[in-house]
Amino acid sequence: MTAERFDHPDVVICPGGPLLLRGEHLVADADGRMHRTTRPVSAVCRCGKSADQPWCDGTHKVLPDKQKP
Amino acid sequence: MRVPKARGELSEALTAAMQAETTGTTDAAAAWSRAHTAEATDDADRHLALWTMYELAYRGFDDVDEALEWHPELLALRRSLEQGFERELREWFSPPELDEPFGDALFALIEGVDGVSLASFVQREATVEQTMELLRYRTIYHLKEADPTAWVVPRLTTGPKAALMELQYDEYGCGDPNRLHSHLFVRGLDAAGLRSDYGAYVDDVPVEVLVQNNAMSLFGLHRRLRGAALGHLAAFEATSSMPSRRMAQGLDRLGLPAEMIAYYDEHVEADAVHEQLAVRTICAALVEEEPAQAAEVAFGALTCLGLEDRFARRMLAEWGAE
């Protein structure tokens, strides 16, 4: 039996949703402010509507389809 | 925690049997015989009995011998209640077949359930008294947050197992006890002047809370129900981020303590991550490895949403806010 190799990307783009970052990162928001990740996986906003920038707060789910990332 | 107050004939008979076993002062065989033949007075009685038996697998009771967790008489009674409960859940929450890709279909299934939202009520209208009542009822789950799902870990193959642990590690504070989600809730309760000792409010909660908690334990404790457990997790996480924001805004509106607001703020951000992990990496990985689990994942998701809707309707009706 050979051990399977699993895909385990550092960055994952979620369809219609955020970008997942695995590991520690320093993220600059749109205003140039720095935010350090604090959890094993972080979700970065891609729709631009999160009230918790630069992080996702689930707001993309209430946007019309054409405004989803 | 001590054994909760009985709510009817069945929970009373169970309590008596556990006490007989623990103290050895009365005839345990006769007490079990009465427990097996006792008719549940109502759903609250039946679900309190089941909740009490499940609790032996979590933190137990100060006044019950912890060896009872695996007592054959207790397990037989637990099984008979579980069979009836699972039958009901499957009747109530029969899932449709999900399309491909599975992750999108599961998100769509969850988003398609139009449940009543207590968070929206707290955000805009609830009084301090109503909100404190809700927080007391939430202690039953939030003080064991993520625990029922932890049972599932050893039952999974490599891909879904690693994915579930990635999420659970965050739930459990990444090794820092101060960041454990259930501990964040303890800090909120303390600051709000509520009791934060485990199970403190179980005598007060409506049956709907016991049913929600029992469904999670049922799914978590049976390997056979691993798909339902992970579907429940996915639905829970996918309906948490925005409602947590509404809860935080409501608590702020009512002037409730920053520590309790911080618990909900943490869930805005954490669960925006967790919903993606739960749906796309955990449940999708499980279904890829075990395609037959797709319907079970959907069943678990509908159970989570349906039981929260029942609880929300009950509370809004009691508050005259329907």
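Residues numbered from 1 in each chain as written. Chains lettered and ligands numbered in written order. Predicted model: local features only at pLDDT ≥ 70, side-chain atom pairs only at ≥ 80, totals over all residues. Heavy atoms only, no water.

**Description of the domain arrangement of chain B**
Residues and elements named next belong to chain B.
Inference 1: The assigned domain composition of chain B is domain 1 (9-91) and domain 2 (96-318).
Inference 2: Residue-level contacts link 18 residues of domain 1 with 24 residues of domain 2.
Inference 3: Both faces considered, domain 1 and domain 2 share a buried interface measuring about 1,900 Å² in area, 66% of it formed by carbon and sulfur atoms.
Inference 4: Among the residues domain 1 hides against domain 2, the three largest losses belong to Trp 51, Tyr 58 and Leu 89. Together they make up 35% of the total.
Inference 5: At the junction of domain 1 and domain 2, the tally comes to three salt bridges.
Inference 6: Within the residue set of the side of domain 1 that touches domain 2, elements represented by two or more residues are helix 3 (43-55) and helix 4 (72-92).
Inference 7: In terms of residue count, helix 3 provides more of the side of domain 1 that touches domain 2 than any other element does, eight residues in total.
Inference 8: Here the side of domain 1 that touches domain 2 is built from residues that sort into nine nonpolar, one polar and eight charged. (Domains from an automatic or database assignment. Contact = heavy atoms within 4.5 Å. Buried area = accessible area lost by both parts, 1.4 Å probe. Salt bridge = Lys/Arg side-chain N within 4 Å of Asp/Glu carboxyl O. Helix = DSSP H or I, 4+ residues; strand = E, 2+ residues; numbered from the N terminus. Nonpolar A, V, L, I, M, F, W, Y, C, P; charged D, E, K, R; others polar.)

**Focus on the interface of chain A and chain B**
Inference 1: Listed as interface residues are 23 residues of chain A and, on the opposing side, 25 residues of chain B.
Inference 2: Across the chain A to chain B interface the summed buried area is about 1,900 Å²; carbon plus sulfur atoms make up 54%.
Inference 3: Contact with chain B buries surface across chain A, with A:Arg39, A:Pro40 and A:Lys61 losing the most and accounting together for 33% of the total.
Inference 4: Here A:Arg22 ties to B:Glu166 by a salt bridge, and the two come within 2.5 Å at their closest N and O atoms.

**Some words on the pairing of strand 2 (residues 19-22) of chain A**
All names here are of chain A.
Inference 1: Relative to strand 2, strand 1 (residues 11-13) runs antiparallel, the two sharing three bridges. Counted as the bridge partner of Val 11 is Leu 21 from strand 2.
Inference 2: The sheet contact formed by strand 2 and strand 5 (residues 41-44) spans four bridges and is antiparallel. Each bridged residue has a counterpart across the sheet, and for Leu 19 the counterpart in strand 5 is Val 44. (Pairing = 2+ DSSP bridges.)

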